[in-house]
Amino acid sequence: MTLDELGASLRDCQRCRLASKRTQVVFGIGNPNASILFIGEAPGFHEDKQGEPFVGAVGKLLTELLESAGLSRNDVYIANVIKCRPPDNRDPMPDEIETCKPFLMQQIELINPRVICTLGNFAIRTMLGKQVSITKIRGQQFEVQGFHVFPMLHPAAALHQGSFRALIQEDFQKLKIFLDNLPRPTSKSAEQMGLFG
Ligand code: SF4
């Protein structure tokens with residue numbers, strides 16, 4: 001199965017209660033061969049309308065943060081833990097995450113990135129399978145099933161709480177240093193990585 005085929009297979013997904021209120025499934029966007037995958041939480045109002053993760057103000061901020069780390073949206077793939085908008089932007093419920101998680105895992109398998117950057121609490125908890133606090137573990141690096149997992153604050157946090165902006169900028173600077181120090185890839189070409197000039 002390709003990434004496009006997986007996305008198409010979810011277009012009418014009715015597996016959880018979020019199907020009833022969504023406008024559309026927001027599968028993900030970006031380079032299907034990306035070496036860096038960003039995982040957010042869930043689509044919000046604008047994402048639900050446009051069918052793309054991280055649009056509107058939070059998307060603009062993510063684009064700026066990526067650029068500060070020497071990346072562009074075309075270099076990376078961006079997805080969410082769950083693919084449909086929770087009503088009124090409430091937190092995703094545990095059973096919704098469990099139901100949608102296999103599709104995130106399939107995305108990871110198909111993209112096969114070297115680095116997974118999780119944004120916010122829900123993404124890192126989903127990847128680590130335990131209740132951690134992003135404010136305590138941000139900037140650390142974990143190995144999960146052969147992937148480098150790099151937890152970062154969610155850019156929406158900076159929009160809601162201005163004092164978080166400097167912390168998020170710091171996370172992206174740490175990511176830049178981490179990427180600069182990654183050994184050269186062996187299984188994917190350096191050209192595919194787009195990170196080694
Ligand atoms: S959130 Fe995931 S499991 Fe639930 S309906 Fe949407 S695609 Fe299906």
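Structure's up top.
Residue positions are given per chain, counted from 1 along the sequence in the order it is written. Side-chain atom pairs in this predicted model are given and counted only at pLDDT of 80 or more, local residue features only at pLDDT of at least 70, and totals for whole chains, interfaces and linings cover all residues. Note that the side-chain values use all heavy atoms of the structure and ignore hydrogens as well as water.

(A) A look at the pattern of salt bridges. Salt bridge, as applied in this entry: a Lys or Arg side-chain nitrogen positioned within 4 Å of an Asp or Glu carboxyl oxygen. According to the stated counting rule, one finds nine salt bridges in the structure shown. Of the charged contacts in the structure, one is a salt bridge between glutamate 170 and arginine 138, with a shortest N-O distance of 2.9 Å. Pair noted here: glutamate 170 is in helix 8 (residues 164–180) and arginine 138 is in the loop between helix 6 (134–137) and strand 5 (142–144), with a separation of 32 residues, a long-range link. In this structure arginine 138 comes out as buried when scored by relative accessible area, which is 15%. For arginine 138, the salt bridge goes to aspartate 171, with nearest N and O atoms at 2.9 Å. Within this pair, whereas arginine 138 is found in the loop between helix 6 and strand 5, its partner aspartate 171 is found in helix 8, the two being separated by 33 residues in sequence. Through salt bridges with shared partners, a single network forms among Arg17, Arg90, Asp95 and Glu96. Note on conventions: DSSP H or I runs of at least 4 residues are helices, E runs of at least 2 residues are strands, and numbering of each starts at the N terminus. Think of it in three bands: residues with accessible area under 20% of the maximum for their type are buried, residues over 50% are exposed, and the middle band is partly exposed, with areas taken using a 1.4 Å probe on protein chains only.

(B) Representation of the site of the ligand in the model. In the vicinity of the ligand, the contacting residues are Cys13, Arg15, Cys16, Ala19, Arg22, Lys83, Cys84, Thr99 and Cys100. Here the shell around the ligand is composed, by residue class, of five nonpolar, one polar and three charged. Being near a molecule or strand, for a residue, means having at least one of its heavy atoms within 4 Å of it. Under this grouping Gly is polar, as are all residues other than the nonpolar Ala, Val, Leu, Ile, Met, Phe, Trp, Tyr, Cys and Pro and the charged Asp, Glu, Lys and Arg.

(C) Examining the packing of aromatic side chains more closely. Any pair of Phe, Tyr and Trp rings, taking the six-membered ring for Trp, is counted once the centres come within 6.5 Å. Such a pair is stacked with planes under 30 degrees apart, edge-to-face with planes over 60 apart, and tilted for the rest. In total, this model carries two aromatic pairs according to the counting rule given. Measuring from ring centre to ring centre gives 6.0 Å for phenylalanine 38 and phenylalanine 172, while their planes differ by 5°; the resulting arrangement is stacked. Here phenylalanine 172 lies in helix 8 and phenylalanine 38 lies in strand 2 (residues 36–40), a separation of 134 residues in the sequence. With relative accessibility at 0%, the residue phenylalanine 172 sits in the buried group.

Such coordinate-based values are descriptive only and should not be taken to indicate function.
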